[in-house]
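Each chain, letter by letter, is given below.
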Amino acid sequence: MTKTLELGVQGMTCASCVGRVERGLKRVEGVDDVAVNLATERATVQYDPARTSPQTLLDTVRDVGYEPVLSALEFGVQGMTCANCVGRVERALKKMDGVVSASVNLATERATVQYLPAAVGPGDLKAAVRDSGYSVLDAPAGQDRSDQEQALRDAHLSELLGAVRFSAVFAVPLLLLAMLPMLSLSAEMWLMERLGPALNWVMLALALPVQFGPGRRFYRLGWTALRHRSPDMNSLVMIGTSAAFFYSLLVTLAPGIFPPGTAHVYYEASAVVITLILLGKYLEALARGRSSEAMKRLLGLQPKVARVVRDGAELELPTDEVQRADLVSVRPGERVPVDGEVVSGRSYLDESMITGEPMPVLKEPGDSVVGGTINQNGALVFRATRIGAETALAQIIRMVEHAQGSKPPIQGLADRVVRVFVPVVLGIAALTFLAWLLFGGPQALSSALVNTVAVLIIACPCAMGLATPVSVMVGTGKAAELGVLFRTGAALEGLHAVQVVALDKTGTLTEGRPQLTDLVLTSTLERAEVLSLVASAEAQSEHPLGRAIVEAAGREGLPLEPAQYFEAVPGYGLAATIGGRLVNVGADRYMQQLGLDVDPVALQAAQLGQAGRTPLYAAIDGQLAALLAVADPVKAGSAEAVRALKAQGVQVAMITGDNARTAQAIAEPLGIDQVLAEVLPGGKSDAVQRLQAAGQRVAFVGDGINDAPALARADVGLAIGTGTDVAVETADVVLMSGDLRGVPNAIALSRATLRNIRLNLFWAFAYNVLLIPVAAGVLAPALGWQLSPVLAAAAMGFSSVFVLSNALRLRRFRPPVQPGPLDRPATARPSGSRQLT
């Protein structure tokens, strides 16, 4: 059956662009017709969904050089109770034309959809969720999403608690009426004297309010699931309790139609099962609330009110009304509402929520401040530079939410099992009923009913649905508290198996604030003249070694002249014209490329390299003028981080563009196992690939633009959060501070989370594998063991609570290495560095 898909295409400028897009799409197998409109920038594609997919069409548009227009939507979904609910919502969304991907998380109760806005809209997506039997959470204008979610969570808890109490009022006396005769002969005689034949009617009167009061929710949700041919936990409960109730009702109304000795009622089974399941749901909801506490704390860091200075007066405004370039006043003890730059005042800020560092950071005019940090002892006025979703805190929250909502690969196993689990359980229940009916003897009908109901009740897939997402949710939330941001669940899972951690040197192992230590003249020029010319050339560069030379010239009061010409030569150095004089600065290989002999200072360069200093050469007007040496101090904590990694059984490698002597001088005291030196910027990715070629899983840690290819190439890329935007955006994991001790902590947390997930999955699977046969009565012929529906309901509730409680243990995770204060606060950036985005 042919489908029609409309997609926006960006970048087309003429008819030849249209032709290229059309030809590219027509070559895709399964595409029947294509029409591309330049004016509307849309392509209309008729295709066979059995032979191709929307994702293939999007990839084709990219392959021919254009960008498809995609949108993302995230919204809350209410009413999901188990993994089958998640699957049903995902399938409903994925069936929509124009939906590229859809992911639903049971723990966070949120759906994330990537879609083509030309083909489908947010309203259509939400309508699909509603049609599948669930409600959509839409935040009213001006209302904080977290507040609304908390209010709904509280209302849901209150509703569940009310339902449990109501059910218990009827179920407890019903259980006593059913159980007392079995425990005491005198109690049985007393009941028969008082009630006699009316006993069944009394039990019916107690069971009826539970079955169609609090139990009505299972009918509503269970029937919707059956109607959509996707039975879930609610369907199992609905079928099981209805079988027990209506069988008992028939016994009460027409006992004569049953064989002698089989006219028993099971009202207590249906009422108590419903009560226990609701109690389990209430305990599960309580535990789920605790699992999101880390996110609540992050959201709580966002101040609700800002004090804005306008026309000389201070106005208290909601934070979301602050505009870029507004002047904002912060008093001692208050939180900074948005990101900005200090205009006046002087104070220390507690930035531990961003950097993980406990030491307050001094802020003066010109320094940057981050929203959510705490002003300690002085008054500040700053100019807002980033507001709303642009602030660092908002981006951190978005990153954590994305990680909590994403699925690690290990979740795929649970998803595949759950997809067929409930239909299989229904089949097992049917076989159980038939087997007991045929071979159950005189009590065949009663035994068939009891065992079938027990199978349906105990087979709830809730624990399987919660096993992974709750652990991911708690683990990523704990990581955020430690200053480690996992972008996806796959990154959280992948890091635990890393065998080699490759570290970039500058800015990662070292401070990234090199200092000029030596200047050896090799010509007749004066020292001040050489330093001034070299610093003027380096002032155009963003390289940290160049900044060290510029800072040295500044300390000596030397003038810097503007460059008439400047060219960076990646991996070699730079060329500039300063005051009409040609200046070349770079490594020895750059001098050799220019045809200059460095042998006169080769011995000195080697000695400097052995001392851990980076030698550079300067040529002026085509003549070698000086040998310079720059040293970059190793970060506090780097040695401890390397020791911790090795204690975890991880090899440590260093990748750097420095010469081998300098690299070894830094690596040996730190205990680094392997050094890959003199690597050009484009070669870091190849260096990572060489490490992977040995069959090892490699994590790469870097902070610069030139680290981005290596971060992408590695099995897991970790970016220093104080580094460049490109590095942070490319990485799978972001270390919010510049402290390398976050790396072993991230690995330890990843391993703890994976252990937790595996234990959850083992319990969820083992519970069903072991107890479904017991509920079916396979042990009854040999041992006489049968599982009553009441015990089955209690066990089912316990399984979900166990999984949640086990996941909550991650909140007590203690990092193997405690981060400490750095020699330089992580947020005191040199000029030219960029903020986290």
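So, a few notes on the structure that sits alongside this text. Computed from a predicted model, the values in this text were never measured in an experiment. (Residues numbered from 1 in each chain as written. Predicted model: local features only at pLDDT ≥ 70, side-chain atom pairs only at ≥ 80, totals over all residues. Heavy atoms only, no water.)

### Focus: helix α8 (residues 216-227)
Item 1. Helix length check: α8, at 12 residues, gives a terminal C-alpha distance of 16 Å against a target of 16 Å (1.5 Å per residue), a fit within 8%.
Item 2. By the burial criterion, the buried members of α8 are Arg217, Phe218, Tyr219, Leu221, Gly222, Thr224 and Ala225.
Item 3. Among the residues trailing α8, Arg229 stands out with phi positive, at a value near 55 degrees. (Helix = DSSP H or I, 4+ residues; strand = E, 2+ residues; numbered from the N terminus. Expected span 1.5 Å × (residues − 1). Buried < 20%, exposed > 50% of the residue type's maximum accessible area, 1.4 Å probe, protein only.)

### Some remarks on the packing of aromatic side chains
Item 1. Applying the stated rule across the entire model yields 7 aromatic pairs.
Item 2. Plain terms: the ring middles of Phe166 and Phe170 are 5.1 Å apart, the flat faces sit at 55 degrees to each other, and that makes the pair tilted. Of this pair, Phe166 and Phe170 both sit in helix α5 (residues 145-183), 4 residues apart, which is roughly one turn of that helix.
Item 3. With a centroid separation of 4.5 Å and 35 degrees between ring planes, the pair formed by Trp763 and Phe802 is classed as tilted. Here Trp763, found in helix α28 (residues 742-776), pairs with Phe802, found in helix α30 (residues 789-808); they are 39 residues apart in sequence, far enough to count as distant.
Item 4. On the basis of relative accessibility, which here comes to 25%, the residue Trp763 falls in the partly exposed class. (Phe/Tyr/Trp six-rings, centres within 6.5 Å; stacked < 30°, edge-to-face > 60°.)

### Some details on the pattern of salt bridges
Item 1. The final tally for this structure, using the stated rule, is 17 salt bridges.
Item 2. Its salt-bridge partner being Arg331, residue Glu314 comes within 3.2 Å of it at the nearest N-O pair. Within this pair, whereas Glu314 is found in strand β10 (residues 313-318), its partner Arg331 is found in the loop between β11 (327-330) and β12 (339-345), the two being separated by 17 residues in sequence.
Item 3. According to the relative accessible area criterion, Arg331 is partly exposed, its value standing at 42%.
Item 4. Here Arg613 ties to Asp518 by a salt bridge, and the two come within 2.8 Å at their closest N and O atoms. Pair noted here: Arg613 is in the loop between α22 (602-610) and β24 (614-620) and Asp518 is in strand β20 (residues 515-521), with a separation of 95 residues, a long-range link.
Item 5. Each of Arg307, Glu314, Glu316, Arg331 and Glu334 takes part in a single network of salt bridges with overlapping partners. (Salt bridge = Lys/Arg side-chain N within 4 Å of Asp/Glu carboxyl O.)

### Some remarks on the packing of helix α15 (residues 444-458) against α28
The geometry of a pair of packed helices is captured by two quantities: the angle between their axes and the separation between those axes.
Item 1. Where α15 contacts α28, the two axes come as close as 8 Å, and the packing angle between them is 165 degrees. When the axis of α15 is compared with that of α28, the two are roughly antiparallel. The two elements α15 and α28 meet at a crossing, and its hand is right-handed. Between α15 and α28, the residues in contact are Asn451, Ala454, Val455 and Ile458 and Tyr767, Asn768, Leu771, Ile772, Ala775 and Ala776, respectively. (Axes fitted to C-alpha atoms, helices over the stretch in contact; angles between N-to-C directions. Parallel < 35°, antiparallel > 145°, perpendicular 65-115°, else oblique. Left-handed = near helix turned anticlockwise from the far one by under 90°. Contact = heavy atoms within 4.5 Å.)

### Considerations on the pairing of strand β19 (residues 500-504)
Item 1. Burial analysis of β19 places 5 of its 5 residues in the buried class, the great majority of the element.
Item 2. Of the two faces of β19, the one holding Val500, Ala502 and Asp504 and the one holding Val501 and Leu503 are both buried throughout.
Item 3. Where β19 meets strand β26 (residues 651-655), 5 bridges bridge the pair, whose relative direction is parallel. Residue pairing for β26: Asp504 is matched across the bridge by Ile655.
Item 4. Note: β19 against strand β28 (residues 698-702), 4 bridges, orientation parallel. (Pairing = 2+ DSSP bridges.)

### Thoughts on the sheet that holds strand β6 (residues 99-105)
Item 1. Judged by pairing direction, the sheet is antiparallel, and its 4 strands sit side by side in the order β6-β7-β5-β8 without closing on themselves. Only two strands of the sheet have a single neighbouring strand rather than two, namely β6 and β8 (135-137). The average angle at which neighbouring strand axes cross in this sheet is 30 degrees, direction not considered.
Item 2. For β6 and strand β7 (residues 110-115), the ladder comprises 6 bridges, and the chain directions are antiparallel. In the sheet register, Val99 faces β7, and the bridge partner there is Tyr115.
Item 3. Relative to strand β5 (residues 71-78), helix α4 (residues 122-131) is tilted by about 30 degrees, and along the sheet it contacts β5, β6, β7 and β8.

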